[in-house]
Amino acid sequence: MRRLGPWLALVLLLLANVVVFLGVLRNRRGEPEAVLTLTERELPPAAAGQENTGLSLRLVWYAPFSPREEGDWGSGSVHWLDGERLQALGFDCSVPPTDPRAEVHYRRALPLVRYAVLEVEGLPWQAWLDGERAEIERLRRDGTAGQEAARALELRERRFAADQVSRSRLTLIDVGADPTSLRRQHPDRRRVAIAPAVVRLQLERPWNARTRIPGEPRLRGYVSEILVSDLYVPRSLRSPLDALVKRDTQARTMRRAGSGTDEPRPPRYEATLSYGHRLEPWLTSVRPLAERP
Amino acid sequence: MSKASAQTRADRIRAFREELAELERVGIVELPGEQRERLRRYHDKTLQTLARDYDVDTTAGQKQLSWGMRIASFLGALALCAAVFLFFFRYWGLLSTATQLIILVGGPFLGVLGTEVAARRERTLYVAGIIGLVAFGAFVLDLAMLGNIFNITPSPGAFLAWAAFAFCLAYAYGIRILLVAGILSLAGYLSATMGTWRGVYWLSFGERPENFFPVALLLLAIALVQHRRHGDFPPLYRIFGFLGLLIPILVLSNWGDVSYLALPTKSVEHMYQVVAFVVAAATVGAGVRLSLREVTNVGTTFFVIFLYTRFYDWWWDWMPKYLFFLVVGALSIAVLLTLRRLRRIRSANGS
């Protein structure tokens, strides 16, 4: 072992690196599985400390909230990821949510790795925009008197205006166990990406603020994490981003000092994100967008 | 002969010399001059041979210095690993992908070569140990950063590669700190893999402490294999093996929710509380019977921890605090008296 050990270690090093490189080649060989054109809205720069010169972009996405029923606060889970779908994904949903054992049974459920389907500027995004417009319109129509109601309406309008220019348009539209069948269901490779994700389950008790009565317990799932969310920017693609990151750091310092504003701004760059055959993403281009006057 | 058994022999000679001197001083023994000289020459020669071949400590002063050197080299190795990581993070954004890859892949290669050169030049292996641990750190950095640069989905496979690498270097040079690195990496890999068999996200392996039981048993099984060249390795396997059993049992005896067992939470906790005492007592028993000091120490420590956590659960809320500590103190004295009695019985049997 004395003579063999160092050689074995060297062979192991070589082997481990070769396995990694072969995996990367396999992922990036041929036509990508999906190619999305995103902007700063979906890929803002990830925060890095002063001791780290690397630059990554963070994939930002949204899950559609459960549609609000009369006074229902909802919970942020995905309304279509119900007990039946969760069972199909591999969770043990054999205990009915109303059963006294349900609380302990579902609290013990472990997260599973499955596949999330993300769509850029699709129907759910449009539906969300329409829903927000309708809600603001309803608040205006109701016209509840009082300073507080007027302030709430103004706040909502301002937030919606900001969301329209800066919120990510990447929406979670499906979750499944088999990426091939998911791709068959969502064939648009320019707008839809499939990525490994961590799916969790929870037992919800929706709270109705109007009646002040908790609803029937129900099972809902949610995606807690897309496994690769930080996308490394190679030096060859950094030039449009370096100046922006520097400017943002200065702006943050000024805001901390009390000067400067935190106004929402339209995206300043566009990036092409490709997903390979192993559903691992990489950035293929970053282009600056013309700034609006 | 391993370095550990060579050190035991040297310690025995030193103790023999001290005892002989004491016996001669009080007049129990008086060796003839020629015989004493022959014995002295023989022991000197043996110690010289052991020091030359195995670099053992032949005096108490040397032994103390060795401990200091071991601690200094361990801290030095950790600091150097941190320096390698931080240096890379400081400059990697300024480098092209090709340069990054050359540095990442080349780093551990250089580390292995450096370890070999240091081991050839210095028998004590302190410098080789430092460079070996830095090589391990560079390999961890290598795979972690390749995953970062190429946006690779994280997997537990890297732990297996790190474990194999650390074991290769540990067994090649007899470096204990690398063995510990290998054991921890192997534990990470096996327990994470156990979870993935059920489709669970591998980073959730800590949410089911039972995932650590198979790796603990594996480590205890490896400790049974005879290590002719590395007699100081089996105690490390035993320590981590028993820790791998006793820490999860401690967690499960307090939080039954995190068990795989489909039983009510309280039943799981009660079951593991019984198991905790049985396993800890059996560990102490095995340690005493087989004269394995590290096993006895681990078992005793956990027996006391289990006992105190139970006392806390049973009495903390309803007892006045002074009474709680009084009872715990009284019980500690009772345990002490019991152990002293056992010790007396054992020494009487021995004599």
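For the structure, see preceding data.
Along each chain, residues carry numbers from 1 onward, in the same order as the chain's sequence is written. Each chain takes a letter, starting from A, and each ligand takes a number, starting from 1, following the order in which they are written. It should be noted that, the model being predicted, local features are given only for residues of pLDDT at least 70 and side-chain atom pairs only at 80 or more, the latter also being counted only at that level, while totals for whole chains, interfaces and linings use all residues. Remark: hydrogens and water are excluded; side-chain values derive from all non-hydrogen atoms of the structure.

Trainee: Go over the side chain of Glu42(A), please, and point to the residues and values.
Mentor: Residue and element names in this part refer to chain A. Numbering of helices and strands runs from the N terminus, with a helix taken as a DSSP run of H or I at least four residues long and a strand as a DSSP run of E at least two residues long. If you trace the backbone, Glu-42 turns up in the loop between strand S1 (34-39) and strand S2 (56-58). Looking at Glu-42, its side chain comes within polar contact range of the main-chain nitrogen of Thr-39, at 2.9 Å. Here a residue-residue contact requires only that any non-hydrogen atoms of the pair lie within 4.5 Å. If we skip the residues at most four places from it in the chain, Glu-42 touches Arg-58, Leu-59, Val-60, Arg-167, Ser-168, Arg-169 and Leu-170. Here a polar contact means two N or O atoms within 3.5 Å. Within protein one must be a hydrogen donor candidate and the other an acceptor candidate, and residues neighboring in sequence count only if both atoms are side-chain atoms.

Trainee: Run through the nonpolar core, naming residues and quoting values.
Mentor: A general feature of soluble globular proteins is that nonpolar side chains tend to end up buried together. Throughout, nonpolar core names a set of buried Ala, Val, Leu, Ile, Met, Phe, Trp, Tyr and Cys residues whose side chains join them through atoms within 4.5 Å. Using a 1.4 Å probe on the protein chains alone, a residue whose accessible area is under 20% of its type maximum counts as buried, one over 50% counts as exposed, and one in between counts as partly exposed. With 56 residues, the main nonpolar core has Phe136(B), Phe139(B), Phe165(B), Phe167(B), Leu169(B), Leu179(B) and Tyr237(B) as its most contacted residues. Put simply, the parts of the chain that give this core at least two residues each are helix H1 (4-28) of chain A together with helix H3 (60-91), helix H4 (97-121), helix H5 (126-149), helix H6 (157-173), helix H7 (176-196), helix H8 (212-224) and helix H9 (234-254) of chain B. Per element, the largest residue contribution to this core is 13 residues, and it comes from H5(B). Ignoring sequence-local partners within four residues, the contact set of Phe136(B) consists of Trp162(B), Phe165(B), Ala166(B), Leu178(B), Ala181(B) and Ser185(B). Counting 48 residues, the second-largest nonpolar core is a separate cluster that includes Ala116(A), Ala193(A), Ala195(A) and Leu273(A).

Trainee: Residues and numbers for empty space enclosed by the protein, please.
Mentor: Residues and elements named next belong to chain B. The distinction between a cavity and a pocket rests on a 1 Å grid over the protein atoms alone: a 1.4 Å probe fits inside a cavity but cannot get out, while a pocket stays open yet meets protein on both sides within 12 Å along at least five of seven lines, and a residue with an atom within 4 Å of a point counts as lining. Grid points are joined across faces, edges and corners, and a volume is the space filled by probe spheres set on the points. A complete count under the given rule lists one cavity of 30 Å³ or more for this structure. The volume enclosed by the largest cavity comes to roughly 30 Å³. Taken together, Ser-253, Asn-254, Gln-273, Ala-276, Phe-277, Phe-306, Thr-309 and Arg-310 make up the lining of the largest cavity. If you list the elements that add at least two residues to the lining of the largest cavity, you get H9, helix H10 (265-289) and helix H11 (293-315).

Trainee: Can you tell me about the packing of aromatic side chains, naming the residues and giving the values?
Mentor: The aromatic pairing rule takes the rings of Phe, Tyr and Trp, using the six-membered ring of Trp, and pairs them if the centres are within 6.5 Å, calling planes under 30 degrees apart stacked, those over 60 edge-to-face and the rest tilted. Tallied over the entire structure, the rule returns 23 aromatic pairs over all chains. Measuring from ring centre to ring centre gives 5.2 Å for Phe159(B) and Trp162(B), while their planes differ by 75 degrees; the resulting arrangement is edge-to-face. Of this pair, Phe159(B) and Trp162(B) are both found in helix H6, three residues apart, which corresponds to roughly one turn of the helix. Put simply, the rings of Tyr232(A), Phe88(B), Phe89(B) and Trp92(B) touch in pairs and so form one group of aromatic residues.

Trainee: Talk me through unusual backbone geometry; I want residue IDs and the actual numbers.
Mentor: Even without a glycine there, the phi angle at Leu279(A) is positive, about 60 degrees. Take Leu279(A): it is sitting in the loop between strand S10 (269-275) and strand S11 (281-288). Given a relative accessible area of 9%, Leu279(A) falls into the buried group. One non-glycine residue, Asn151(B), lies in the positive phi region at around 50 degrees. With respect to the secondary-structure elements, Asn151(B) resides in the loop between H5 and H6. Looking at Asn151(B), the relative accessible area reads 3%, which means it is buried.

Trainee: Give me the environment of Met319(B): which residues, what numbers.
Mentor: Within the fold, Met319(B) resides in the loop between H11 and helix H12 (321-350). Once residues lying within four places of it in the same chain are set aside, the contact partners of Met319(B) are Phe324(B) and Val327(B).

Trainee: Give me the pattern of salt bridges: which residues, what numbers.
Mentor: We define a salt bridge as a contact between a side-chain nitrogen of Lys or Arg and a carboxyl oxygen of Asp or Glu at a distance within 4 Å. Summed over all chains, the structure comprises 36 salt bridges over all chains. Look at the salt bridges and you will find they share partners, linking Arg17(B), Glu37(B), Arg40(B), Arg41(B) and Asp44(B) into a network.

Trainee: Quick one: what's the story with the sheet that holds S11(A), residue by residue and with numbers?
Mentor: For sheets, the rule is that strands pair by backbone hydrogen bonds, running either parallel or antiparallel. All names here are of chain A. At least two bridges found by DSSP between two strands is the condition for calling them paired. Spatially, three strands are ordered S1-S10-S11 in an open sheet, and the strand pairing comes out antiparallel. Taken across any chain shown, the strands that pair with only one partner, and hence form the sheet edges, are S1 and S11. On average, each strand axis in the sheet is tilted by 20 degrees relative to the strand beside it, whichever way the strands run. The pairing of S10 with S11 spans seven bridges and is classified as antiparallel. When the sheet's bridge partners are listed, Tyr-275 is paired in S11 with Pro-281. Helix axes are fitted to C-alpha atoms over the stretch in contact, other axes to C-alpha atoms as well, and angles between N-to-C directions run from 0 to 180 degrees.

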